[in-house]
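# Summary of the model geometry
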Amino acid sequence: MDKGINIPDEVQVMGFDDNIISEIYNPSLSTIKIDFYEAGKMCVKAFIDTTDNKPIDKNILLPYQLIIRRSTK
């Protein structure tokens, strides 16, 4: 719904997951894109390591991509 707010001049908006709606929404949504398959693999590995009483790394870094579109400057 249009509330008369100018995006991105008055409010900037970011999303997370870069789904198809991010591109086609007006204005197109800036977003963070991660590889959910890789994230799932890392979670399963951490779970298995936990059940096997192996130490797990509590700081897991996932590669990501910042995608700038029209909702931010």
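Residues numbered from 1 in each chain as written. Predicted model: local features only at pLDDT ≥ 70, side-chain atom pairs only at ≥ 80, totals over all residues. Heavy atoms only, no water.

Before going further, it helps to examine the pattern of salt bridges. Counting across every chain of the model gives four salt bridges. Put simply, K73 and D9 hold a salt bridge, and the shortest N to O gap is 2.8 Å. With K73 in the segment after β3 (64–67) and D9 in the segment before β1 (14–16), this residue pair connects regions lying 64 residues apart in the sequence. For K73, a relative accessible area of 66% corresponds to the exposed category. Across the salt bridge formed by K45 and D49, the nearest N and O atoms sit 2.7 Å from each other. (Salt bridge = Lys/Arg side-chain N within 4 Å of Asp/Glu carboxyl O. Helix = DSSP H or I, 4+ residues; strand = E, 2+ residues; numbered from the N terminus. Buried < 20%, exposed > 50% of the residue type's maximum accessible area, 1.4 Å probe, protein only.)

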